[in-house]
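# Results of the structural survey
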Amino acid sequence: MAELNQKPVVEPVKMPKIKIEHKKLATINAFAIALAMFLGYCAIFAAISGFTKKWNFAIPFFGRFMGTNAGVPISLLTALFAVIFAIFGFVSLGKVTDAEATKKSWSLVSKVFFGFVIVYVVDMVAIVIYSLLSIGRGKSFDQGDFWLDSFLSTVICCAGAGVMAYMGKQIAAGKTSLLRIASLIATALAIIGFIIVFIQILVDFYGDKGKGSYDSYREATDSLYDIFNPGR
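Since the model is a prediction, treat every value here as computed from it, not as a measurement.

What counts, and at which threshold
- Once a new chain begins, its residue numbering starts again from 1 and follows that chain's sequence as written.
- Under the rules for a predicted model, residues below a pLDDT of 70 receive no local features and side-chain atom pairs below 80 are neither given nor counted, while totals for whole chains, interfaces and linings still include all residues.
- In computing side-chain properties, one takes all heavy atoms of the structure into account and sets aside hydrogens as well as water.
- Each nonpolar core is a collection of buried residues, namely Ala, Val, Leu, Ile, Met, Phe, Trp, Tyr and Cys, held together in the definition by side-chain atoms within 4.5 Å.
- Note on classification: 1.4 Å probe, protein chains only; a residue is buried when its accessible area is under 20% of the maximum for its type, exposed when over 50%, partly exposed between these limits.
- Under the scheme used here, helices are H or I runs from DSSP no shorter than 4 residues and strands are E runs no shorter than 2 residues, and both carry numbers assigned from the N terminus.
- Like-charged residues are merged into a patch within 9 Å and nonpolar side chains (Val, Leu, Ile, Met, Phe, Trp, Tyr) within 5 Å, provided each residue has over 30% relative accessible area and no salt bridge.
- All accessible-area figures derive from a Shrake-Rupley calculation using a 1.4 Å probe, and residue coverage is judged against the displayed protein chains alone.
- When a carboxyl oxygen of Asp or Glu is within 4 Å of a side-chain nitrogen of Lys or Arg, the pair counts as a salt bridge.
- We call two residues in contact whenever any of their non-hydrogen atoms come within 4.5 Å of each other.
- The span one expects for a helix is its residue count, reduced by one, times 1.5 Å.
- Only a pair of cysteine sulfur atoms within 2.5 Å qualifies as a disulfide here.

Attention shifts here to the nonpolar core. In this structure, Phe38, Phe57, Trp106 and Phe113 are the most contacted members of the largest nonpolar core, which totals 37 residues. For this core, the secondary-structure elements that each account for two or more residues are α1 (22-52), α2 (74-92), α3 (99-133), α4 (143-172) and α5 (178-206). In terms of residue count, α1 provides more of this core than any other element does, 11 residues in total. With five residues, the next largest nonpolar core counts Ala43, Ala47, Val197 and Ile201 among its residues.

Structure, rendered in structure tokens:
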């Protein structure tokens, strides 16, 4: 008998092991957690504005970089990015071992988000100036929608960026015990934001036009409950 060939017909594919330096991992982890927290926070307000039908919550600055040509709502993209960042941040947190690199990374996070705060403050000042200049234009310029959509959205984003800047500063100062809490909060905000956005989109697609947003919301949540609990 011919000797059996022990070699496989097709050579197994060897996946390269990705190794990230401790300093780079600390930086990536810090920004992943920070972005998950901020974007999850924004996704929640975007979904709430979708339920109201009268308020358009825009995400200043970040909304421009989320694939606006994807043909799907920015709120859904925001929620998905938040979930992805939250998962990576939560999983990779246990692999961050360089305390000094962690402090420097969160110091950078603090500075970046403080920069966003400055941008949002300038935006708010510009909105106020433009609104004052428009006084006297009558019904051709809707002050209510302008303040509700533009100013309020910017205030909310500014508050979120301010919290991130403050949290980053605290961790950079040595309070590394906040890392686990920050990761859990980021994960919670991302998941809650995704769920609420998902429900809001269902309401838009299948909600009864003649019913209020609250009634449609209740019907959507009841439908989801029936799907996951068929034996109810």
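To continue, consider a nonpolar patch on the surface. There is a patch of nonpolar side chains on the surface, built from Ile87, Phe90, Val91 and Leu184 and spanning about 380 Å² of accessible area. Here the nonpolar patch takes three residues from α2, the largest share from any one element.

Take the side chain of Gln200 next. As for its position among the elements, Gln200 is in helix α5. Gln200 sits in the buried class, given a relative accessible area of 6%. Not counting residues up to four positions away in its chain, the partners in contact with Gln200 are Ala47, Gly50, Phe51 and Ser75.

Locating Ala36 in the fold gives a position in helix α1. Take Ala36: its relative accessible area is 0%, and that puts it in the buried class. For the pair Ala36 and Ala190, spaced 154 residues apart in the sequence, the C-alpha separation amounts to 6.2 Å. For Ala36, the residues in contact, after removing those within four places along its chain, are Ala82, Phe85, Ala86, Ala186 and Ala190.

A separate point is α2. For α2, spanning 19 residues, the distance from its first C-alpha to its last is 27 Å, which sits close to the expected 27 Å at 1.5 Å a residue. All of the buried residues along α2 are Ser75, Leu77, Thr78, Ala79, Ala82, Ala86, Gly89 and Ser92.

Let us look at the pattern of salt bridges. If you walk through the whole model with that rule in mind, you get one salt bridge. Notably, a salt bridge pairs Glu100 with Lys103, separated by 3.8 Å at the nearest N-O pair. With a gap of three residues between them, Glu100 and Lys103 both fall in helix α3, about one helical turn apart. Given the relative accessible area of 48%, Glu100 is considered partly exposed.

As for its position among the elements, Val121 is in helix α3. Residues Val121 and Val155, spaced 34 residues apart in sequence, show a C-alpha to C-alpha distance of 8.1 Å.

Attention now moves to the state of the cysteines. One pass over the structure, following the stated rule, counts zero disulfides. Summary of cysteine pairing: Cys42 is not part of a disulfide, and the nearest cysteine sulfur, belonging to Cys157, is at 4.1 Å. Unpaired in terms of disulfides, Cys158 finds its nearest cysteine sulfur in Cys157, a separation of 8.8 Å. By relative accessible area, which is 12% here, Cys158 ends up buried.

This part is about the environment of Phe31. With respect to the helices and strands, Phe31 occurs in helix α1. For Phe31 and Val112, which are 81 residues apart along the polypeptide, the C-alpha to C-alpha distance reads 9.8 Å. Leave out the neighbours within four places in its chain, and Phe31 touches Ser105, Leu108, Val109 and Val112.

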